[in-house]
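# Working through the structure, step by step
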Amino acid sequence: MGTKNFALEEFACQCPCRSNHTKLDLLYSLQHVRDIFEEAMVISSGYRCAKHNKEEGGSEDSSHIKGLAADIVIPTPTYAFALMRAVMVTNRFNRVGFGKLPSGTLVLHLDIDKDKVQDVLWGY
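Notes on the structure in this doc start here. Counting starts from 1 at the beginning of each chain's written sequence and moves along it residue by residue. Reporting of local features is limited, given that this is a predicted model, to residues whose pLDDT is at least 70; pairs of side-chain atoms are given and counted only at 80 or more, and all residues count toward the totals for whole chains, interfaces and linings. Side-chain numbers here rest on the full set of heavy atoms in the structure, without hydrogens or water.

Two strands pair under a simple rule: DSSP has to find at least two bridges between them. Here a helix means four or more residues in a row that DSSP labels H or I, a strand means two or more in a row labelled E, and each is numbered from the N terminus. One ladder, built from six bridges, connects strand S3 (residues 95–100) with strand S4 (residues 106–111); its direction is antiparallel. Paired with lysine 100 across the strands is leucine 106, a residue of S4. Where S3 hands over to S4, the hairpin turn is made up of five residues, of which glycine 104 adopts a positive phi near 100°. Judged from the four bridges that link them, S3 and strand S5 (residues 120–123) form a sheet pairing that is parallel. Counterpart to glycine 97 in the pairing with S5 is tryptophan 122.

Attention now goes to the packing of helix H1 (residues 24–37) against helix H3 (residues 77–90). Angles run from 0 to 180 degrees between N-to-C directions of axes, and those axes are lines fitted to C-alpha atoms, restricted for helices to the stretch in contact. Contact pair H1 / H3: the axes reach a minimum separation of 9 Å and the direction vectors enclose 120°. In this view, H1 runs oblique relative to H3, as classed from their interaxial angle. The way H1 lies across H3 gives a crossing that is right-handed. When H1 is examined against H3, the residues His32, Val33, Ile36 and Phe37 are found in contact with a partner set consisting of Tyr79, Ala82, Leu83, Ala86, Val87, Val89 and Thr90. For this classification, the nonpolar set comprises Ala, Val, Leu, Ile, Met, Phe, Trp, Tyr, Cys and Pro, the charged set comprises Asp, Glu, Lys and Arg, and every other residue, Gly included, is treated as polar. For the contact of H1 with H3, a count of residues per class yields nine nonpolar, two polar and no charged. In this scheme, roughly parallel covers angles under 35 degrees and roughly antiparallel covers those over 145, while 65 to 115 is roughly perpendicular and the rest are oblique. Handedness of a crossing follows from how the near helix is turned relative to the far one, being left-handed for an anticlockwise turn of less than a right angle and right-handed for a clockwise one. Whether two residues are in contact is decided by their heavy atoms, any of which lying within 4.5 Å being enough.

Right, here's the structure in full:
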């Protein structure tokens, strides 16, 4: 199961466990962004088991562990600006973070975790 542009498998944990507890609400919200953005969105990280999340340096209460977060690869500043515009227009994500992976890849973290502070933008 998935959406028009996202397969559920894209969000599976990247460690050998390959578990996947991604919430469909996250996929639907991402699809809404994708429909407005009209460009491919590469998922660098979706669901993470607790072990893999710790290995990645994620917080103990990471929204990735709950299946409520995804990180999108940001290839260029222009792409980042257009994607961020689509995110804001959809009003589906009230928690957004910009980060850099150890590989140097830039990512945009989007989550729908209602148990956390809303209307925030952060860098990591």
